[in-house]
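Here's the letter readout for the chains.
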Amino acid sequence: MAIQLIRGFKDVLPPEAAVWQRIESTARRLFENFGFAEIRIPVMERTELFARSIGEATDIVEKEMYTFADRKGGRLTLRPEATASVVRAYIQHRLYATEPVRKFYTIGPMFRRERPQKGRYRQFYQINVEVFGIASALIDAQLILLLVTLLERLSVKDVHAHVNTLGCPACRPQFRKALAGYLSPRTAGLCSDCRRRSVKNPLRVLDCKVPACREAMTGAPALLDYLCADCRQHFEVFKSALAELGISYRIDPRLVRGLDYYTRTTFEIQTGALGAQSAVAGGGRYDGLVEALGGPAVPATGFAIGLDRLAELAAGVQGDIGAGPDVFIAVLGAEHRQLAFEWVCALGLAGVRAEMEYGTRSLKSQMKRADRLGAANVLMVGENELQKGAAVLRNMQTREQTEIPISELVARVKTCIGGNADRP
Ligand code: ATP
Ligand code: MG
């Protein structure tokens, strides 16, 4: 049997890949306008980096990582997320030394061994944005502005910002204790994951999707009631900055996110258009992570957009994906194929997307093929045309025909097809 791709992995074929390109270029332009620079990091790191940053008692580290032993016995992992690597690079190259405020974005694949389903893959893609060196909640609000703006520029509708705060090492322990106390008489009713979590990492129970667990959590203590004065102030600044920017949001006390390094602000962008996998992007502040990984005490904040899910949303609103060639050259008689080929190449170099018939087919079947490709024009080249020194360009929409002198073919075709031919 022919070899198939790995379960949970996928190919992005044209024309869908054009949607991805559009998302990526829109994101790059937007982020660069806000002072973000691209950073490119490897897809593989030492396992320890993820264990220490994401947290040992998280789903990702416990059961979702692709980890293997290197020849010399070291353990390596295909990255399940990008923040840890960006932090590693920030520390390793001492990027804080000259200027602690740094803004990065990066785009690439992540790997998690989750149960594959619609919107959930084992290799998926993220656009990540990370800011180092700004403690103010204003920058957290700016991150939401970037997310909302990106989705708006991609014409994605039905977008909701959910926000929460997770407190800090000064106030979260009290909440954790209260939560553990609330959970201990209720563990019997929880799913097996949550029974384990309720001891090792009780905050995780808050975002479990199992109905019985959700039920058990109604009436659980809320972190908002346990915040210290500094965290409360931070959250107030964040909320009023969002209001100032005209961004509507919902406070969601269950939004704890699946990684341990978050502090204070957390957020998620959800949409009703994706079914069960409703989160397009998520992020938050991780003030302790740089120091925990061996760097200086530098506050940081960021987000990750799920590119696969965003592409699904954006594909629905993109009309003209996979536009056909500007010109299809129909060749009448094999002896003219060489000339047609020269024109296809010359047109391509001049920025006109041209395609031709390489085989021997009747004019009728070539016209059919041009139609199927969505060609805007057909240029006919055969004995009659060549004798006259002019080829015929037929506009497939208006059916108008224009004679094009062969001596200035490229330039004339270019003017004839007008606005379409401005590609470099
Ligand atoms: P979810 O709640 O859907 O599992 P998450 O909280 O695990 O998401 P993050 O680690 O915050 O996700 O990653 C940010 C974004 O990456 C998510 O909002 C989602 O759009 C996307 N994402 C995460 N895991 C997957 C996956 N397995 N397949 C496709 N996209 C994913
Ligand atoms: Mg997840």
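Residues numbered from 1 in each chain as written. Chains lettered and ligands numbered in written order. Predicted model: local features only at pLDDT ≥ 70, side-chain atom pairs only at ≥ 80, totals over all residues. Heavy atoms only, no water.

**Topic: the pairing of strand 14 (residues 377-381)**
On any regular strand, side chains alternate: one points to one face of the sheet, the next to the other face. Most of strand 14 sits out of view: five of its five residues are buried. In this structure, strand 12 (residues 327-331) lies alongside strand 14, joined through five bridges in parallel fashion. Of the residues in strand 14, the one forming a bridge with Phe 328 is Val 378. Summarising the sheet, strand 14 and strand 15 (residues 390-395) pair through four bridges and their orientation is antiparallel. In the sheet register, Asn 377 faces strand 15, and the bridge partner there is Asn 395. (Buried < 20%, exposed > 50% of the residue type's maximum accessible area, 1.4 Å probe, protein only. Helix = DSSP H or I, 4+ residues; strand = E, 2+ residues; numbered from the N terminus. Pairing = 2+ DSSP bridges.)

**Quick word on the site of ligand 1**
Around ligand 1, 14 residues are found, and the nearest of them are Arg 112, Glu 114, Tyr 121, Arg 257 and Ala 279. Separating an oxygen atom of ligand 1 from a side-chain N or O atom of Gln 126 is a distance of 2.9 Å. Within the side chain of Arg 257, one N or O atom sits 2.3 Å away from an oxygen atom of ligand 1. Protein contacts shield 89% of the accessible area of ligand 1, which totals 580 Å² for the unbound molecule. (Near = heavy atom within 4 Å. Polar contact = N/O pair within 3.5 Å; in protein donor to acceptor, adjacent residues only side chain to side chain. Areas by Shrake-Rupley, 256 points an atom, 1.4 Å probe, with all protein chains shown as cover.)

**Some remarks on the sheet that holds strand 13 (residues 354-356)**
If you trace the five strands from one edge of the open sheet to the other, you get 13-12-14-15-16, paired in mixed fashion. Whereas interior strands pair on both sides, the edge strands pair on one side only; in this sheet they are strand 13 and strand 16 (401-405). Each adjacent strand pair in this sheet contributes to an overall mean axis angle of 25 degrees, direction not counted. Against the sheet, helix 13 (residues 363-373) touches strand 12, strand 13, strand 14 and strand 15, its axis set at about 165 degrees to strand 12. (Axes fitted to C-alpha atoms, helices over the stretch in contact; angles between N-to-C directions. Contact = heavy atoms within 4.5 Å.)

**Some thoughts on the packing of aromatic side chains**
Applying the stated criterion across every chain yields a total of 14 aromatic pairs. With a centroid separation of 6.5 Å and 65 degrees between ring planes, the pair formed by Phe 341 and Tyr 358 is classed as edge-to-face. Here Phe 341 is found in helix 12 (residues 337-349), whereas its partner Tyr 358 is found in the loop between strand 13 and helix 13, with 17 residues between them in sequence. Residue classification places Phe 341 among the partly exposed residues on the basis of a relative accessible area of 38%. Looking at Tyr 358, the relative accessible area reads 45%, which means it is partly exposed. One residue, Lys 10, lies across the ring of Tyr 121, its end atom 4.3 Å from the ring centre. (Phe/Tyr/Trp six-rings, centres within 6.5 Å; stacked < 30°, edge-to-face > 60°. Lys NZ or Arg CZ within 6 Å of the ring centre and 35° of its normal.)

**Focus: the pattern of salt bridges**
Taken as a whole and assessed by the stated rule, the structure comprises 21 salt bridges. The closest approach of N and O atoms between Asp 193 and Lys 63, which form a salt bridge, is 3.2 Å. Placement of Asp 193 in helix 7 (residues 192-200) and of Lys 63 in helix 3 (residues 59-64) is noted, with a sequence separation of 130 residues between them. For Asp 193, a relative accessible area of 23% corresponds to the partly exposed category. The class for Lys 63 is partly exposed, based on a relative accessible area of 43%. The partner of Arg 361 in a salt bridge is Glu 357, and the shortest N-O contact between them spans 3.5 Å. Of the residues examined, Arg 361 reaches a relative accessible area of 39% and is grouped as partly exposed. Taking the relative accessible area as the measure of exposure, Glu 357 reaches 4% and is therefore buried. Several salt bridges share partner residues, and in doing so they unite Asp 59, Glu 62, Lys 63, Asp 193, Arg 196, Arg 197 and Lys 200 into one network. (Salt bridge = Lys/Arg side-chain N within 4 Å of Asp/Glu carboxyl O.)

**Examining the environment of Asn 384**
Within the element layout of this structure, Asn 384 appears in helix 14 (residues 383-388). Residue classification places Asn 384 among the exposed positions, given a relative accessible area of 57%. Counting along the chain gives 26 residues from Asn 384 to Val 410, while the straight-line C-alpha distance between them is 19 Å.

**A closer look at the side chain of Arg 122**
In this fold, Arg 122 is placed in the loop between strand 5 (102-111) and strand 6 (123-132). Here Arg 122 sits buried without a salt bridge, and the closest side chain of opposite charge, Glu 114, lies 8.3 Å off (N-O distance). At 2.7 Å, the side chain of Arg 122 and the backbone oxygen of Glu 114 are in polar contact. With residues near it in sequence (within four places) discarded, Arg 122 still touches Arg 7, Gly 8, Phe 9, Tyr 66, Met 110, Phe 111, Arg 112, Arg 113, Glu 114 and Pro 116. (Lys, Arg positive; Asp, Glu negative; His and termini not counted.)

**Topic: the sheet that holds strand 2 (residues 44-46)**
Judged by pairing direction, the sheet is antiparallel, and its three strands sit side by side in the order 2-4-3 without closing on themselves. What marks the edges here is a single partner per strand, and that holds for strand 2 and strand 3 (66-69). The sheet shows a mean angle of 30 degrees between the axes of neighbouring strands, taken without regard to direction. Note: strand 2 against strand 4 (residues 75-78), three bridges, orientation antiparallel.

**Considerations on a nonpolar patch on the surface**
Where nonpolar side chains cluster on the molecular surface, the patch consists of Val 43, Met 44 and Phe 68 and spans about 220 Å² of accessible area. You can see Val 43 is positioned in the loop between strand 1 (37-38) and strand 2. Overall, Val 43 belongs to the partly exposed group, its relative accessible area being 33%. (Patch = residues over 30% accessible without salt bridge, like charges linked within 9 Å, V, L, I, M, F, W, Y side chains within 5 Å.)

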